[in-house]
Amino acid sequence: MKQAKQTWRIWFWVMLLTAITGVASIPGIVLFAIYKQFLLMAVCITLTVHAFFGITFYAIAMANAAHDVRLLRSVKNYGLTTISDIASATGMSYTTAKESLERCIKRGYLDGYSFDGNTLQNIAPVERRCIYCGRVLSSNDAECPGCGANGN
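Residues numbered from 1 in each chain as written. Predicted model: local features only at pLDDT ≥ 70, side-chain atom pairs only at ≥ 80, totals over all residues. Heavy atoms only, no water.

*Asks:* What exactly am I supposed to notice about the environment of Pro145 here?
*Replies:* Assignment of secondary structure puts Pro145 in the segment after β4 (136-137). Judged by its relative accessible area of 53%, Pro145 falls in the exposed class. (Helix = DSSP H or I, 4+ residues; strand = E, 2+ residues; numbered from the N terminus. Buried < 20%, exposed > 50% of the residue type's maximum accessible area, 1.4 Å probe, protein only.)

*Asks:* Please explain helix α3 (residues 83-90) as it appears in this structure.
*Replies:* Since the α-helix turns once every 3.6 residues, residues separated by three or four places project in the same direction. Turning to α3, its buried residues are Ile83, Ile86, Ala87 and Thr90. The buried residues of α3 occupy an angular sector of 100 degrees when projected down its axis, which confines them to one face. For α3, the exposed residues set more than 90 degrees away from the buried face come down to Ser88 and Ala89. Where the residues of α3 are buried, they touch α2 (38-78), α4 (94-107), β1 (113-115) and β2 (120-122). After α3 finishes, the residue Gly91 shows a positive phi value of roughly 80 degrees. (Arc of directions from axis to C-beta. Contact = heavy atoms within 4.5 Å.)

*Asks:* Help me out: how do you make sense of α4 in this one?
*Replies:* An ideal rise of 1.5 Å per residue puts 20 Å on 14 residues; α4 measures up with 20 Å between its terminal C-alpha atoms. For α4, the set of buried residues is Ala97, Ser100, Leu101, Arg103 and Cys104. Along α4, the residues classed as buried sweep out an arc of 165 degrees about the axis, all on the same side. Those residues of α4 that are exposed and angled more than 90 degrees off the buried face are Thr95 and Lys106. Tucked inside the fold, the buried residues of α4 contact α2, α3, β1 and β2. Backbone geometry just after α4 places Gly108 at a positive phi near 85 degrees. (Expected span 1.5 Å × (residues − 1).)

*Asks:* What is the right way to look at unusual backbone geometry in this model?
*Replies:* Trans is the common state for peptide bonds, and a negative phi is the common state for residues other than glycine. Residue Lys36 is not a glycine yet carries a positive backbone phi of 55 degrees. Along the chain, Lys36 falls in the loop between α1 (2-34) and α2. Lys36 sits in the exposed class, given a relative accessible area of 61%.

*Asks:* Teacher, can you tell me more about the pattern of salt bridges here?
*Replies:* It is possible for side chains of opposite charge to pair when their charged atoms get near one another. Counted according to the given criterion, the structure contains two salt bridges. Close ionic contact of Asp68 with Arg103 constitutes a salt bridge, the shortest N to O distance being 3.1 Å. Pair noted here: Asp68 is in helix α2 and Arg103 is in helix α4, with a separation of 35 residues, a long-range link. Accessibility expressed as a relative area gives 1% for Asp68, which makes it buried. Through salt bridges with shared partners, one network takes in Asp68, Arg103 and Arg107. (Salt bridge = Lys/Arg side-chain N within 4 Å of Asp/Glu carboxyl O.)

Below you can see the structure in the form of structure tokens.
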């Protein structure tokens, strides 16, 4: 959830800064043209064009990140597992919820679940034991913390 919120914040700030620089560069075009500063005028034109065309795509990316955060909150906090339940709880359409869920799984925001196209299923971690000392290992341990054996 933390990564999804961070992605949303990044897209928010990119969109905001693009909007501000796009609007602020419009008077710059006129002023730099009056004072014959053509390089700075070209920079202002570039910023205006970038804001005009880019703000739409940044807003769409921010909205998708907000969908991901809402979906993750409904799955982790409320335990919803079917697409129809998630869609009704988050206020998204069925297809939007499904796309957002697939995006969350692909980006690694939602670990420990498998998705069959309609429902989420919690995957139980596989218990491993060290072959030398018998200590229970977590799934991300490369070596045994008890005896230091490697490659179990």
